[in-house]
Amino acid sequence: MWWLANPQDLHRVSDRLSTIYIERCHVDRADNAIVLVNRERTIRVPAAMIASVLLGPGTRITHAAAALLADSGTTICWVGEHGVRLYASGLGPTRGATLIHRQAYLVTRTPQRLAVARTMYAKRFPGEDVNGLNMQQLRGREGARVKKIYRHHSLRTNVPWNGRQYKPGEPFEAGDDVNRLLSAGHACLYAICHAAIVGIGASPALGFVHTGGATSFVLDIADLYKADYTIPLAFDLAAAGHTDERRIRLAFRDKVADGKLMSRVVKDVKELLLDTSEDTPEADANLLWDEQAGAVPGGVNWAGDYADDFDDSAYVGVTGPEIDESQQVDW
């Protein structure tokens, strides 16, 4: 039966329901399904058929449910309302390291890194030939494009625009109303991109245009969508007098509720990093790197005599009292 499938028989990401968002629920496990319980109803969801679970406000999850989702290769993300903020994430559905290996290969070789950066800019300049442009020329063209977009929306909404003002570390303290709305909206966009990147097994840190930060690749990818999502939204809200940052978070949440942005991010990341004509293996190969053979099987005791001594002083455990099963709540 599909709801009793072995959680180790991982379904391909492309065959799964992309995302399930949960808020104000208790999440538990029953067989190989997670059970969502709230005041109104109880819902069973087959764990192995979900790519990612977004746990929103008011949600609590049991250890058993988290373990099942991890075994099923389902990403667990702790997010703000409707996924607008990403606070933390767990293991994703991709069991192989092909994507992150490819990303690391591309980002550490200048010609390949420049080629990916050109592809990113080509997505922003439809119909323009960016082949042969260096990073300085690409940045200049991008700057001119963004200025044109800001000027267009300023004229469209009759909202004054005096340039982008952003203070690192205090994004909501600098600038006028539309600047603060832009900062709040971009933060929401970054969260969606971050969740998608983590969910398919790429690194949020290995950026091609941005560099040096833990979310450099997130910033790279988010820049592809600002002109379609956050920039027009910020000007529209400013024109209507809705200048509180919470307004753009709610508006952005409603704009991406159909899930199309998440699918678009996944598609774009794979196009940037992979040869889409090749099938990318998702299985956990469990190999050990070897400088001569390339890789050898893992799970083999290659030389037990070389095992390191375990220092038990480096491990600290905290254990609560035993649970009286007769007093447990039956969810």
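Residues numbered from 1 in each chain as written. Predicted model: local features only at pLDDT ≥ 70, side-chain atom pairs only at ≥ 80, totals over all residues. Heavy atoms only, no water.

1. Regarding helix H7 (residues 230-239)
Since there are 3.6 residues in each turn of an α-helix, residues three or four apart along the chain are aligned in direction.
Item 1. Most of H7 sits inside the fold, with eight of its ten residues counted as buried.
Item 2. Every buried residue belonging to H7 is among Thr 230, Ile 231, Pro 232, Leu 233, Ala 234, Phe 235, Leu 237 and Ala 238, and all of these are buried.
Item 3. Summarising the contacts, the buried residues of H7 are in contact with helix H4 (135-157), helix H5 (177-199) and helix H8 (245-255). (Buried < 20%, exposed > 50% of the residue type's maximum accessible area, 1.4 Å probe, protein only. Helix = DSSP H or I, 4+ residues; strand = E, 2+ residues; numbered from the N terminus. Contact = heavy atoms within 4.5 Å.)

2. Some words on the side chain of Asp 223
Item 1. In this fold, Asp 223 is placed in the loop between helix H6 (216-222) and H7.
Item 2. Take Asp 223: its relative accessible area is 16%, and that puts it in the buried class.
Item 3. Within the structure, the side chain of Asp 223 is placed 2.9 Å from the side chain of Lys 226, a separation counted as a polar contact.
Item 4. Discounting residues that sit within four places of it in the chain, Asp 223 has contacts with Arg 124, Arg 145 and His 210. (Polar contact = N/O pair within 3.5 Å; in protein donor to acceptor, adjacent residues only side chain to side chain.)

3. So, the packing of aromatic side chains
Item 1. A full pass over the atoms with the stated rule returns six aromatic pairs.
Item 2. For the ring pair Trp 161 and Phe 235, a centre distance of 5.5 Å and an interplane angle of 55 degrees mean the geometry is tilted. Within this pair, whereas Trp 161 is found in the loop between H4 and H5, its partner Phe 235 is found in helix H7, the two being separated by 74 residues in sequence.
Item 3. Aromatic rings pair up to connect Tyr 150, Trp 161 and Phe 235 into one cluster. (Phe/Tyr/Trp six-rings, centres within 6.5 Å; stacked < 30°, edge-to-face > 60°.)

4. Here's the deal with the nonpolar core
Item 1. If you look at the biggest cluster of nonpolar residues, it comprises 52 residues, and the most contacted ones within it are Ile 221, Tyr 225, Phe 252, Leu 261 and Leu 273.
Item 2. Setting aside its immediate chain neighbours within four residues, Tyr 225 contacts Leu 189, Cys 193, Thr 230, Leu 261, Arg 264, Val 265 and Asp 268.
Item 3. The next biggest cluster of nonpolar side chains, apart from the first, holds 15 residues, and it includes Ile 34, Leu 55, Ala 65 and Leu 68. (Core = buried A, V, L, I, M, F, W, Y, C linked by side-chain atoms within 4.5 Å.)

5. Quick notes on the environment of Ser 52
Item 1. Inspection of the secondary structure puts Ser 52 in strand S5 (residues 50-55).
Item 2. Residue Ser 52 is classed as buried on the basis of its relative accessible area, which comes to 10%.

6. Re the sheet that holds strand S6 (residues 60-61)
Item 1. Overall, mixed pairing links the four strands, which are arranged S4-S3-S2-S6 in an open sheet. Only two strands of the sheet have a single neighbouring strand rather than two, namely strand S4 (42-46) and S6.
Item 2. Summarising the sheet, strand S2 (residues 26-30) and S6 pair through two bridges and their orientation is parallel. Across the sheet, the residue bridging to His 26 is Arg 60, located in S6. (Pairing = 2+ DSSP bridges.)

7. Side note on the confidence of the model for the protein chain
Item 1. Taken over all residues, the pLDDT of the protein chain has a mean of 79, while the share at 70 or more is 75%.
Item 2. Below pLDDT 50 for its whole length, residues 1-11 participates in 21 contacts with residues either more than four positions away or in separate chains. (pLDDT = per-residue confidence, 0-100.)

8. Topic: the pattern of salt bridges
Item 1. For the coordinates displayed, the defined rule picks out 13 salt bridges.
Item 2. Between Lys 123 and Glu 271 there is a salt bridge; the shortest N-O distance is 2.8 Å. Of this pair, Lys 123 sits in helix H3 (residues 110-124) while Glu 271 sits in helix H9 (residues 260-273), placing them 148 residues apart in sequence.
Item 3. A relative accessible area of 32% means that Glu 271 is categorised as partly exposed. (Salt bridge = Lys/Arg side-chain N within 4 Å of Asp/Glu carboxyl O.)

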